[in-house]
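# Chains, contacts and geometry: an overview
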Amino acid sequence: MILILGGTGEARELASRVPAVSSLAGRVSNPALPAGEVRIGGFGGVDGLAQWLRDNDVRAVVDATHPFARQITANAYEACSRVGVPLLILRRPGFTPVEGWHWVDSVAEAAANLPGERVFLTTGRQDLAEFAGCPQWFLARMVEPPEPPLPQRIEVLLSRGPFTVDGELELMRSHRIDVLVTKDSGGSMTSAKLEAARQLGIPVVIVRRPPLPPAEVVADVDAAVRWLGTAGA
């Protein structure tokens, strides 16, 4: 059995090309489901995942989770190392850097370094608490409604990509946005906001990706399919 971790577009594409079980974290109420068998929910940490790999005779694991899903990637590396199952990390390339972006190492650092007063915040609902004490006004876009604590001055926009440059331009203009805060998630579904910010001359605060464990990493689904072939999965 092959286990694919994650509900990203890359994970769904891989599941459509190889027989596998896909595991989703279950944080989104109505996720786009991949082809084939799907399980939803956590494994119970490293011990639970290692046991699941043993019980289900897993021959290879592909971690195709979001680039900022630090904990599941760490758990997958530890569990696979413990059980002796090959692990591949499938990560789309990050955004192409643009001169003038303000790079930070964490969402907390982004919150402490906001060069504006009207913030377009696209880091996700799980990070909103980091901005709860900020005095700026926020337009926060996410897929699911957030839970407190939240910034005192906030408008929540529930929306799912892909987004267009024209749409992002209109959104930023109509809300008088003067700074964009985002993560280096990469991909085309959410890159339009960066081009819109460039055209409007709006500064971008962008959170660097967390470091990866020392596993093999590929950048696209074709490479993952080839790896699975060579891994005997």
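Residues numbered from 1 in each chain as written. Predicted model: local features only at pLDDT ≥ 70, side-chain atom pairs only at ≥ 80, totals over all residues. Heavy atoms only, no water.

## Here's the deal with the sheet that holds strand β10 (residues 179-183)
Strand order in the open sheet formed by 6 strands is β6-β11-β10-β7-β8-β9, and the pairing between neighbours is parallel. Two strands close off the open sheet at either side, each with one partner strand: β6 (102-104) and β9 (154-158). Averaged over all neighbouring strand pairs, the angle between strand axes comes to 20°, with direction disregarded. Where strand β7 (residues 118-121) meets strand β8 (residues 137-142), 4 bridges bridge the pair, whose relative direction is parallel. When the sheet's bridge partners are listed, Leu121 is paired in β8 with Ala140. (Pairing = 2+ DSSP bridges. Helix = DSSP H or I, 4+ residues; strand = E, 2+ residues; numbered from the N terminus. Axes fitted to C-alpha atoms, helices over the stretch in contact; angles between N-to-C directions.)

## Points about the sheet that holds strand β5 (residues 87-90)
Hydrogen bonds along the backbone pair up the strands of a sheet, which may run parallel or antiparallel. Taken in spatial order, the 6 strands make up an open sheet running β3-β2-β1-β4-β5-β12, and their pairing is parallel. The strands lining the two open edges of the sheet, one partner per strand, are β3 (37-40) and β12 (216-218). Taken pair by pair, the neighbouring strands of this sheet meet at an average axis angle of 25°, ignoring direction. Relative to β5, strand β4 (residues 60-63) is paired through 3 bridges, and the arrangement is parallel. Bridging across to β5, Val62 finds its partner in Leu88. Across the sheet, helix α1 (residues 9-17) touches β1 (2-5), β2 (21-24), β4 and β5, and the angle it forms with β1 is around 160°. (Contact = heavy atoms within 4.5 Å.)

## Quick word on helix α2 (residues 45-55)
The complete set of buried residues in α2 reads Val46, Leu49, Ala50, Trp52 and Leu53. Viewed along the axis of α2, the buried residues span an arc of 160°, placing them on a single side of the element. With respect to the buried face of α2, the exposed residues turned more than 90 degrees away are Asp47 and Asp55. Looking one or two residues beyond α2, the residue adopting positive phi is Asp57, at roughly 50°. (Buried < 20%, exposed > 50% of the residue type's maximum accessible area, 1.4 Å probe, protein only. Arc of directions from axis to C-beta.)

## Section: the side chain of Thr122
Following the sequence through the fold, Thr122 ends up in the loop between β7 and β8. Side chain to side chain, Thr122 and Thr182 meet in a polar contact 2.9 Å long. In contact with Thr122, other than residues within four places in its own chain, are Arg141, Leu180, Val181, Thr182 and Lys193. (Polar contact = N/O pair within 3.5 Å; in protein donor to acceptor, adjacent residues only side chain to side chain.)

## Looking at the packing of helix α5 (residues 165-174) against helix α6 (residues 192-200)
For the pair α5 and α6, the least separation of the axes is 8 Å and the interaxial angle reads 55°. It follows from the interaxial angle that α5 and α6 lie oblique. Remark: the crossing between α5 and α6 carries right-handed chirality. Residues Val165, Glu168, Leu169, Met172 and Arg173 of α5 form the contact with α6, whose own contacting residues are Ala192, Lys193, Glu195, Ala196, Ala197, Gln199 and Leu200. Residues of the contact of α5 with α6, tallied by class, amount to 7 nonpolar, 1 polar and 4 charged. (Parallel < 35°, antiparallel > 145°, perpendicular 65-115°, else oblique. Left-handed = near helix turned anticlockwise from the far one by under 90°. Nonpolar A, V, L, I, M, F, W, Y, C, P; charged D, E, K, R; others polar.)

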